[in-house]
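Chain by chain, the residues run as shown.
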Amino acid sequence: MAYQEKQAWWKESVIYQIYPRSFADSNGDGIGDLEGITTHLPYLKELGIDVIWLSPVYQSPNDDNGYDISDYRNIMKDFGTMEDFDRMLNRAHELGIRIVMDLVVNHTSDEHAWFVESRKSKDNPYRDYYIWKEPRDGKEPNNWGSCFSGSAWELDEQTGMYYLHCFSRKQPDLNWENEKVRSEVFDMMTWWCEKGIDGFRMDVISMISKDPAFPDGPDMDGIYGAPDPYVCNGPRVHEYLQEMNRKVLSRYDLLTVGEAAGVTIEEAKKYANADGTELNMVFQFEHVNAIHPSQCVVGKWTYQKPQMPDIRAILNKWQLELEGKAWNSLYWDNHDQPRAVSRFGDDSPEYRVLSAKMLASCLHMMKGTPYIYQGEELGMTNTHFSGVEDCRDIEAVNAYRQYVEDHKVVPKDIMLRCFDAISRDNARTPMQWNGSKNAGFTTGTPWISVNPNYREINAEAALADPDSVFYYYQKLIRLRHEIPVIVYGVFEPLLEDSPSIYAYRRILDNTVLTVACNWTSCSQPCDLFEDQNAGRELISNYDKHEEGYLLPFEARVFISER
Ligand code: TEU
Ligand code: CA
């Protein structure tokens with residue numbers, strides 16, 4: 001091989017994210033659970049994925065659906081028991097599927113024993129586990145707003161001091177400066193590794209080191225200041241991750257991916273450096289935030305559709321600049337994002353299947369490790385919110401209270417339009433298993449409404465249709481396992497000025513992969529496949545092509561030797 005990229009199983013894998021609350025309910029309480037996951041492992045085996053990333057299953061009062069953990073070594077009661085977990089892990093391993101856990105250690109729940117102690121008094125041994133500050137002029141220590149509305153500081157009456165919470169007030173930020181905190185976290189991680197889990201997805205890991213000066217932030221939404229510049233990629237974050245790597249990660253064979261809000265290319269090269277001193281890869285956010293602030297109603301809220309050329313410029317930049325230096329993760333969807341086919345494709349009956357397949361091709365042929373979010377393989381769509389009472393997500397509910405009700409800066413119907421477009425609840429409606437009541441998700445009342453389109457869009461229907469989005473994903477995954485250029489080929493952009501076609505090449509030794517995706521509902525001229533004799537088609541979402549054109553939402557992948 002002329003070109004050498006270090007081989008690794010986590011580079012050759014496809015990851016499937018499960019949001020347990022919404023995946024499958026085994027006991028009729030309306031909440032997905034571990035037993036539900038175990039039951040559906042054969043479905044995932046059929047899809048062909050290698051790894052499951054499990055959103056948090058730890059004990060939690062569920063202020064933020066498990067991202068507020070009150071005991072890292074216990075299972076959330078709603079989800080089952082540790083025995084259920086062990087059974088799921090064993091069963092997955094028997095099927096050759098690895099399990100990656102969500103690690104949420106930027107913050108804990110306020111009901112975690114450490115915080116219960118910490119807030120008791122200024123001299124409590126756990127006081128320094130969290131970030132406590134004296135009031136400034138009788139008010140909050142600085143202007144930071146929380147991601148979930150309101151101030152990022154909460155006054156605790158007991159001691160008259162404020163604690164920091166970048167997310168909800170029930171998610172106090174841990175103080176990573178305190179070496180006891182770090183060693184507690186590393187012990188806990190080791191405990192899970194000894195259990196035999198296969199890796200960690202690290203929640204907002206880019207935020208664990210704060211600027212010790214805690215300066216006011218730039219305007220966030222006309223009300224609060226944004227903490228981002230002072231909490232993302234902070235001064236000691238790489239030191240902490242290198243310590244974690246030395247003490248835990250390097251001792252096991254793991255997949256590690258850092259959720260890295262605010263990460264730049266330069267920072268990613270450190271977090272995911274090829275020497276392996278920190279993490280395998282990070283989730284960057286640029287392509288899912290490809291909307292200019294001027295197109296937002298307030299804060300992150302918008303109903304504008306992002307444009308392909310902007311997304312392409314971002315993804316191409318990440319592909320080119322990490323080459324040989326760090327590894328990319330590839331995703332359209334997760335539990336914090338609206339459904340990909342609705343946001344980037346076209347979820348109308350005419351184009352839903354075609355555009356879902358196009359998006360899948362576009363992403364899965366890039367260089368990096370692809371992530372599929374539950375239901376993405378069915379082309380599940382966004383849902384509709386007719387009022388705030390349809391919402392479950394703390395982010396949406398709090399934003400509604402703050403912007404619509406309290407400050408009255410956004411009219412109700414505009415806010416709901418934003419929710420339809422990008423609320424996180426779009427991703428959290430129950431997995432659509434079949435056309436029976438509640439989409440086969442539960443026999444009880446689901447904790448969040450099922451998307452009304454479940455009679456047409458569901459796993460049973462997909463498995464019965466050879467042309468389904470499901471089988472298209474299955475084929476993409478199989479191709480990745482069989483054809484090295486898909487994993488290791490160098491990325492080269494094509495047609496960078498096209499307003500409608502996203503195209504690129506991948507090259508490994510003499511093998512060339514050519515990928516072209518039409519992001520529009522019109523036929524578009526395209527001459528990339530003129531010389532058809534030179535190779536063969538690997539996959540496409542159309543059986544017949546039109547010479548010199550890509551049909552609406554057509555995707556074509558071609559392999560040849562040079
Ligand atoms: O998300 C953090 C994050 O940066 C986001 O995607 C965040 O949800 C978004 O900015 C809100 O608009 C992680 C988890 O993925 C998310 O589910 C949690 O709510 C959050 O951390 C707190 O743990
Ligand atoms: Ca249940």
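Refer to the structure above for everything that follows.
Definitions and cut-offs
Residues numbered from 1 in each chain as written. Chains lettered and ligands numbered in written order. Predicted model: local features only at pLDDT ≥ 70, side-chain atom pairs only at ≥ 80, totals over all residues. Heavy atoms only, no water. Helix = DSSP H or I, 4+ residues; strand = E, 2+ residues; numbered from the N terminus. Rg over C-alpha atoms; globule rule 2.2 N^0.38 Å. Buried < 20%, exposed > 50% of the residue type's maximum accessible area, 1.4 Å probe, protein only. Contact = heavy atoms within 4.5 Å. Areas by Shrake-Rupley, 256 points an atom, 1.4 Å probe, with all protein chains shown as cover. Lys, Arg positive; Asp, Glu negative; His and termini not counted. Charge placed at Lys NZ, Arg CZ, Asp CG, Glu CD. Salt bridge = Lys/Arg side-chain N within 4 Å of Asp/Glu carboxyl O. Polar contact = N/O pair within 3.5 Å; in protein donor to acceptor, adjacent residues only side chain to side chain. Donors = N, O, S within 2.8 Å, 3.2 Å for Na, K, Ca; no water. Expected span 1.5 Å × (residues − 1). Pairing = 2+ DSSP bridges. Axes fitted to C-alpha atoms, helices over the stretch in contact; angles between N-to-C directions. Near = heavy atom within 4 Å. Core = buried A, V, L, I, M, F, W, Y, C linked by side-chain atoms within 4.5 Å. Right-handed = clockwise from strand over helix to strand, strands pointing away. Phe/Tyr/Trp six-rings, centres within 6.5 Å; stacked < 30°, edge-to-face > 60°. Lys NZ or Arg CZ within 6 Å of the ring centre and 35° of its normal.

J.: How would you sum up the overall build of the protein chain? Please name residues and give values.
T.: When you go through the protein chain residue by residue, the secondary structure sums to 18 helices and 20 strands. Here the protein chain has a C-alpha radius of gyration of 23 Å; the compact-globule value for 562 residues is 24 Å, and the two agree. Overall, the protein chain is about 75 × 50 × 50 Å in size when its C-alpha atoms are taken along their principal axes. Put simply, the protein chain has 562 residues, and 63% of those count as buried. In the protein chain, 71% of the contacts between residues at least 6 apart in sequence involve partners at least 24 apart. Accessible surface computed for the protein chain: about 21300 Å², of which carbon and sulfur atoms make up 47%. In the protein chain, 57 side chains carry a positive charge and 88 a negative one; their mean positions are 2 Å apart.

J.: Now, about the pattern of salt bridges: what can you tell me, with residues and values included?
T.: Working definition: two side chains of opposite charge can pair if their charged atoms are close together. For the structure on display, the rule yields 38 salt bridges. Salt-bridge contacts for Asp336 lead to Arg428; the nearest nitrogen and oxygen are separated by 3.1 Å. Taken as a pair, Asp336 in the loop between strand 12 (327–330) and helix 11 (340–343) and Arg428 in helix 15 (residues 425–428) lie far apart in primary sequence, 92 residues in all. Here Arg428 falls in the buried class, since its relative accessible area comes to 1%. In this structure, Glu482 and Arg478 form a salt bridge, with 3.8 Å as the shortest nitrogen-oxygen distance. Taken together, the residues Glu482 and Arg478, both in helix 17 (residues 469–482) and four residues apart, mark about one turn of the helix. Assessed through its relative accessible area of 52%, Glu482 is described here as exposed.

J.: Requested: an account of the side chain of Glu5, with residues and values cited.
T.: Residue position: Glu5 is located in the segment before helix 1 (9–12). For Glu5, a relative accessible area of 13% gives the class buried. At 2.8 Å, the side chain of Glu5 and the side chain of Lys367 are in polar contact.

J.: Requested: an account of the coordination of the calcium ion (ligand 2), with residues and values cited.
T.: Each pair of donors in an ideal octahedron of six around a metal sits at 90 or 180 degrees, and each pair in an ideal tetrahedron of four sits at 109.5 degrees. With distances of 2.2 to 2.4 Å, the protein atoms coordinating the calcium ion (ligand 2) are Asp25 (OD), Asn27 (OD1), Asp29 (OD), Ile31 (O) and Asp33 (OD). Sequence positions of the donors to the calcium ion (ligand 2) reduce to the motif D-x1-N-x1-D-x1-I-x1-D. Note on Asp33: relative accessible area 4%, which makes it buried.

J.: Could you give an account of helix 17, with specific residues and numbers?
T.: Helix length check: helix 17, at 14 residues, gives a terminal C-alpha distance of 20 Å against a target of 20 Å (1.5 Å per residue), a fit within 8%. Inspection of helix 17 places Val469, Phe470, Tyr472, Tyr473, Gln474, Leu476, Ile477, Leu479 and Arg480 among the buried residues, and these make up the whole buried set.

J.: Go over the sheet that holds strand 2 (residues 51–54) with me, naming the residues and quoting the values.
T.: Spatially, eight strands are ordered 1-2-5-9-10-11-12-13 in a closed barrel, and the strand pairing comes out parallel. On average, each strand axis in the sheet is tilted by 25 degrees relative to the strand beside it, whichever way the strands run. Direction of pairing for strand 5 (residues 98–103) relative to strand 9 (residues 199–202): parallel, over a ladder of three bridges. Bridge pairing in strand 9 links Met101 to Phe200. Most of the contacts of helix 4 (residues 82–94) go to strand 5, to which it runs at about 140 degrees, and overall it touches strand 2 and strand 5.

J.: Account for the site of ligand 1, with residues named and values stated.
T.: With respect to spatial proximity, 18 residues lie near ligand 1, and among them Asp64, Asp203, Asp336, Glu395 and Arg424 are the closest. Here Asp64 contributes a side-chain N or O atom positioned 2.5 Å from an oxygen atom of ligand 1. Measuring from an oxygen atom of ligand 1, one finds a side-chain N or O atom of Arg424 at 2.7 Å. Protein chains bury 91% of the 490 Å² of accessible surface belonging to ligand 1 in isolation.

J.: Tell me about the nonpolar core, residues and numbers included.
T.: Grouped together as the largest cluster of nonpolar side chains are 153 residues, with contacts concentrated most on Phe85, Met189, Phe200 and Trp519. Those residues in contact with Met189, other than ones at most four positions away along the chain, are Leu103, Phe200, Met202, Met244, Val248 and Leu249. Counting residues in hydrophobic clusters, the runner-up holds 18 residues, among them Tyr400, Tyr403, Val410 and Ile422.

J.: Summarise the pairing of strand 10 (residues 255–259); cite the residues concerned and give the values.
T.: Along a regular strand, successive side chains alternate from one face of the sheet to the other. With five of five residues buried, strand 10 lies mostly within the body of the structure. The two faces of strand 10 match: Leu255, Val257 and Glu259 on one face and Thr256 and Gly258 on the other face are all buried. Both strand 9 and strand 10 contribute to a ladder of four bridges, which runs parallel. Within strand 10, the residue paired with Arg201 across the bridge is Val257. Chirality of the crossover, the property in question, places the unit of strand 10, helix 9 (residues 265–271) and strand 11 (residues 281–283) among those that are right-handed.

J.: Describe the packing of aromatic side chains, and please don't skip the residues or the numbers.
T.: Pairs of aromatic rings are described using the distance from one ring centre to the other and the angle between the two planes. Scanning the entire structure with this criterion turns up 37 aromatic pairs. Taking 6.2 Å as the distance between ring centres and 65 degrees as the angle between the ring planes, the aromatic pair formed by Trp176 and Phe186 counts as edge-to-face. Here Trp176 is found in the loop between strand 8 (161–164) and helix 6 (179–195), whereas its partner Phe186 is found in helix 6, with 10 residues between them in sequence. Assigned by exposure class, Trp176 and Phe186 land together as buried. Relative to Trp192, the ring of Trp191 has its centre 5.0 Å away and its plane inclined at 85 degrees; by these criteria the two rings are edge-to-face. Three or more aromatic residues joined by ring pairs form one cluster here, namely Tyr58, Tyr72, Phe85, Trp114, Tyr126, Tyr129, Trp191 and Trp192. Across from the ring centre of Tyr303, 3.8 Å away, lies the NZ or CZ of Arg417, which sits over that ring. Arg556 extends its terminal NZ or CZ atom over the ring of Phe529, reaching a point 4.5 Å from the ring centre.

All quantities given are derived from atomic positions and should not be read as evidence of function.
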